[in-house]
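Listed below, chain by chain, are the residues.
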Amino acid sequence: MQRIICLVVVLISTIVIGHNTVAQELKVVSNVDNLPLPFATVTNHSRPSIVSTNINGVVNLKGNIGDTLSVSYIGYMTAVLLFNGDKILVVRLEQAQKMLPEVVIHNCRSVKEFNYNNFKGAKKLKKQGELQKGFGGVIWSKGSNIYAKIALRLNPLLPNATLTDFSFWLEKVWEAPDSSILTPLLVSLYEVSDSTKMPGELISNVPIFCFPQKRGKQTIKFDSLHVKIPTNGIYVSLQYVMNEAYEWKQFFWHKDSTGTKIIDSIVYRYGGVIQGLRSKDFELVWYNGIKNEWILVEQRPTSNESFHNSLKCEAKIKYCDN
C-alpha cells in the first residue's frame, strides 16, 4: 500500500467548548438581489477557524457570543460582525466597486501558444537528488485552521500573454471515500505585488468554481475571462470548500501493550491531495485568513532560485509573437 507524503496545510487541534457556546445558522446573500452567495468564506477571528457556506450560501456555526466574524466573497466587500447567538443570521454583502484597468489593444499578426509546466524536467531533478526529498502536496483539515487557500505563481516572461487554462492534479488519500475527490474548489487570480512578490490585487472579480469529477488532472478554462498576464507574472489561487457536507474522517492507529490496534486520533479532512513536487520557480504561498496576509510555504526569499516545494501544474498561454 503506497503512502502519500503530504504537507498538512491546516493542523487539527482540540477545541474546548465553553458553556456559552451556541449554534447559529448563517446565510450569506447579495445585497443587490438577495440571491445566495455559494461557497462564501466565514472566518472566526476570536476562535481561529475558517469554514465555507454551502451551494445555498448557508453554513452552521458554533461559537461564543461576542466572537468576531468576517464574511468574504469575490467581487464583494468583506463584512465584519459579531456572533450574536441568533438562531438564524442573514448577512448581506455589498458589491465591490472597482475601476477597470486601462486596456491596450495590440495588432497581433502571429499568435502562438506556449505549454508552461514544471513536471517535464523530473529526470533532471532526479539526477540532482531533489525528488528524493519528497513533497506529496497539500491537503486541508478541519479544526483550528487559519490557512484558507494556497496560490501558485506563474511567470512565463512572455510579452502580451494571456492565460488560456490552468491544470493541477488531485489524488485521493487511500483511506478517504471516493466522494472526497468531488469536493469543490474556489479559484482566484491575483496580480504579483511589486514590493512583496506575494499576491496583490485581484485580477478578476468573477467567482470561479472547480467541480472535480475524478482523480488526476483537473483543467480550468479561462478563455471567456481573457486573463492578461502582467509582466511580473500572475498568482493562481486554490481553496477547498470547507463545508461539513464535504468532510471525511482519517483515522490514525497505534498498538497497545498487548498488540491490539486501537484508534489514536481522528482528523477531519476536506477533499484530496493536490499533488506537489520540487521546483526552481512556480512559487507556492498560502493565505493566513486570521492575519489577512500571504506567507511563503518555505521561509526563504521569493527571489531565491533554489529548489523548493511547489504544486504540479501546467498552463496554456497565448502570446503575440511580434
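The coordinates are above.
The structure presented is a predicted model; accordingly, all values stated were derived computationally and were not measured. (Residues numbered from 1 in each chain as written. Predicted model: local features only at pLDDT ≥ 70, side-chain atom pairs only at ≥ 80, totals over all residues. Heavy atoms only, no water.)

### A short note on a nonpolar patch on the surface
Move 1: A cluster of nonpolar side chains, Phe 251, Ile 263 and Ile 266, forms an exposed patch at the surface whose accessible area comes to about 220 Å².
Move 2: Within the secondary structure layout, Phe 251 lies in strand S19 (residues 247–255).
Move 3: Overall, Phe 251 belongs to the partly exposed group, its relative accessible area being 31%. (Patch = residues over 30% accessible without salt bridge, like charges linked within 9 Å, V, L, I, M, F, W, Y side chains within 5 Å. Areas by Shrake-Rupley, 256 points an atom, 1.4 Å probe, with all protein chains shown as cover. Salt bridge = Lys/Arg side-chain N within 4 Å of Asp/Glu carboxyl O. Helix = DSSP H or I, 4+ residues; strand = E, 2+ residues; numbered from the N terminus. Buried < 20%, exposed > 50% of the residue type's maximum accessible area, 1.4 Å probe, protein only.)

### Some thoughts on the nonpolar core
Move 1: Core analysis: the largest hydrophobic core is formed by 50 residues, its most contacted members being Leu 154, Leu 163, Phe 166 and Ile 274.
Move 2: Looking at which element gives the most residues to this core, the answer is strand S11 (residues 147–154), with six residues.
Move 3: If you look at the next biggest cluster of nonpolar residues, it comprises 18 residues, including Val 28, Val 71, Tyr 76 and Leu 89. (Core = buried A, V, L, I, M, F, W, Y, C linked by side-chain atoms within 4.5 Å.)

### Details of the layout of surface pockets
Move 1: Within this model, the second largest pocket holds a volume of roughly 870 Å³.
Move 2: What lines the second largest pocket is a set of 32 residues, and nearest its centre among them are Ser 72, Thr 78, Lys 149, Tyr 190 and Tyr 287.
Move 3: If you list the elements that add at least two residues to the lining of the second largest pocket, you get strand S3 (41–44), strand S6 (68–72), S11, strand S13 (185–192), strand S14 (199–202) and strand S22 (293–296).
Move 4: When its residues are assigned to classes, the lining of the second largest pocket shows 14 nonpolar, 14 polar and four charged. (1 Å grid on protein atoms, 1.4 Å probe; cavity = no way out; pocket = protein on both sides within 12 Å on 5 of 7 lines; lining within 4 Å. Points joined across faces, edges and corners; volume = space filled by probe spheres on them. Nonpolar A, V, L, I, M, F, W, Y, C, P; charged D, E, K, R; others polar.)

### Quick word on the pairing of strand S10 (residues 137–141)
Move 1: The element S10 is extensively covered by neighbouring structure, given that five of its five residues are classed as buried.
Move 2: What you see with S10 is no split at all: Gly 137, Ile 139 and Ser 141 on one side and Val 138 and Trp 140 on the other are buried throughout.
Move 3: Judged from the four bridges that link them, S10 and strand S20 (residues 261–279) form a sheet pairing that is antiparallel. When the bridges of S20 are listed, Gly 137 appears paired with Gln 275. (Pairing = 2+ DSSP bridges.)

### Some thoughts on the sheet that holds S6
Strand pairs in the sheet, formed through backbone hydrogen bonds, run parallel or antiparallel to each other.
Move 1: Within the open sheet, the four strands sit side by side as S4-S3-S6-S7. Their pairing is antiparallel. Two strands in the sheet have a free side with no partner beyond their single neighbour: strand S4 (49–52) and strand S7 (79–82). Strand after strand, the sheet turns through a mean of 25° between neighbouring axes, direction not considered.
Move 2: Bridging between S6 and S7 involves four bridges; their strand directions are antiparallel. Residue Val 71 lies in a different strand from S7, and its bridge partner there is Ala 79. (Axes fitted to C-alpha atoms, helices over the stretch in contact; angles between N-to-C directions.)

### With respect to the pairing of strand S21 (residues 284–288)
Move 1: For S21, a buried count of five out of five residues is recorded, marking the element as mostly surrounded by other parts of the structure.
Move 2: The side-chain alternation of S21 yields two buried faces, one formed by Leu 284, Trp 286 and Asn 288 and the other by Val 285 and Tyr 287.
Move 3: Direction of pairing for S11 relative to S21: antiparallel, over a ladder of five bridges. Across the sheet, Lys 149 pairs through a bridge with Tyr 287, a residue of S21.

### Structural notes on the side chain of Ser 310
Move 1: Tracing the chain through its elements places Ser 310 in strand S23 (residues 308–311).
Move 2: Residue class for Ser 310 comes out buried when judged on its relative accessible area of 0%.
Move 3: Within the structure, the side chain of Ser 310 is placed 2.8 Å from the backbone oxygen of Phe 282, a separation counted as a polar contact.
Move 4: Among all residues touching Ser 310, those that are not within four sequence positions of it are Asn 118, Phe 135, Leu 152, Gly 276, Leu 277, Ser 279, Asp 281, Phe 282 and Leu 284. (Polar contact = N/O pair within 3.5 Å; in protein donor to acceptor, adjacent residues only side chain to side chain. Contact = heavy atoms within 4.5 Å.)

### Describing unusual backbone geometry
Excluding glycine, residues mostly carry a negative phi; peptide bonds, for their part, are mostly trans.
Move 1: The phi dihedral of Leu 157 is positive, around 60°, even though this residue is not glycine.
Move 2: Topologically, Leu 157 is positioned in the loop between S11 and strand S12 (162–171).
Move 3: Looking at Leu 157, the relative accessible area reads 64%, which means it is exposed.
Move 4: Residues other than glycine seldom take positive phi values, yet Asn 292 does so here, at roughly 55°.
Move 5: For Asn 292, the position within the fold is in the loop between S21 and S22.
Move 6: Under the relative-accessibility criterion, Asn 292 is labelled exposed at 56%.

### Some details on the environment of Lys 214
Move 1: Relative to the helices and strands, Lys 214 resides in the loop between strand S15 (208–210) and strand S16 (216–221).
Move 2: For Lys 214, a relative accessible area of 63% puts it in the exposed group.

### Some details on the environment of Val 206
Move 1: Structurally, the position occupied by Val 206 is in the loop between S14 and S15.
Move 2: Separated by 133 residues in sequence, Val 206 and Tyr 73 place their C-alpha atoms 9.8 Å apart.
Move 3: Residue contacts for Val 206: discarding those within four places in its chain leaves Ile 74 and Leu 225.

### Quick word on the packing of aromatic side chains
Move 1: On inspection of all chains with the given rule, the structure shows 12 aromatic pairs.
Move 2: Arranged with centres 5.8 Å apart and planes meeting at 35°, the rings of Phe 114 and Tyr 116 form a pair that is tilted.
Move 3: On the accessibility criterion, Phe 114 (31% relative accessible area) is partly exposed.
Move 4: Arranged with centres 6.3 Å apart and planes meeting at 65°, the rings of Phe 209 and Phe 211 form a pair that is edge-to-face.
Move 5: Assessed through its relative accessible area of 29%, Phe 209 is described here as partly exposed.
Move 6: Taking relative accessible area as the criterion, Phe 211 reaches 43% and is therefore assigned partly exposed.
Move 7: Clustering of aromatic rings is evident, with ring pairs tying together Phe 39, Phe 209 and Phe 211.
Move 8: The ring of Tyr 287 carries Lys 149 above its face, with NZ or CZ at 5.0 Å from the centroid.
Move 9: A cation over a ring is seen here: Lys 312 above Trp 169, with NZ or CZ 4.4 Å from the ring centre. (Phe/Tyr/Trp six-rings, centres within 6.5 Å; stacked < 30°, edge-to-face > 60°. Lys NZ or Arg CZ within 6 Å of the ring centre and 35° of its normal.)

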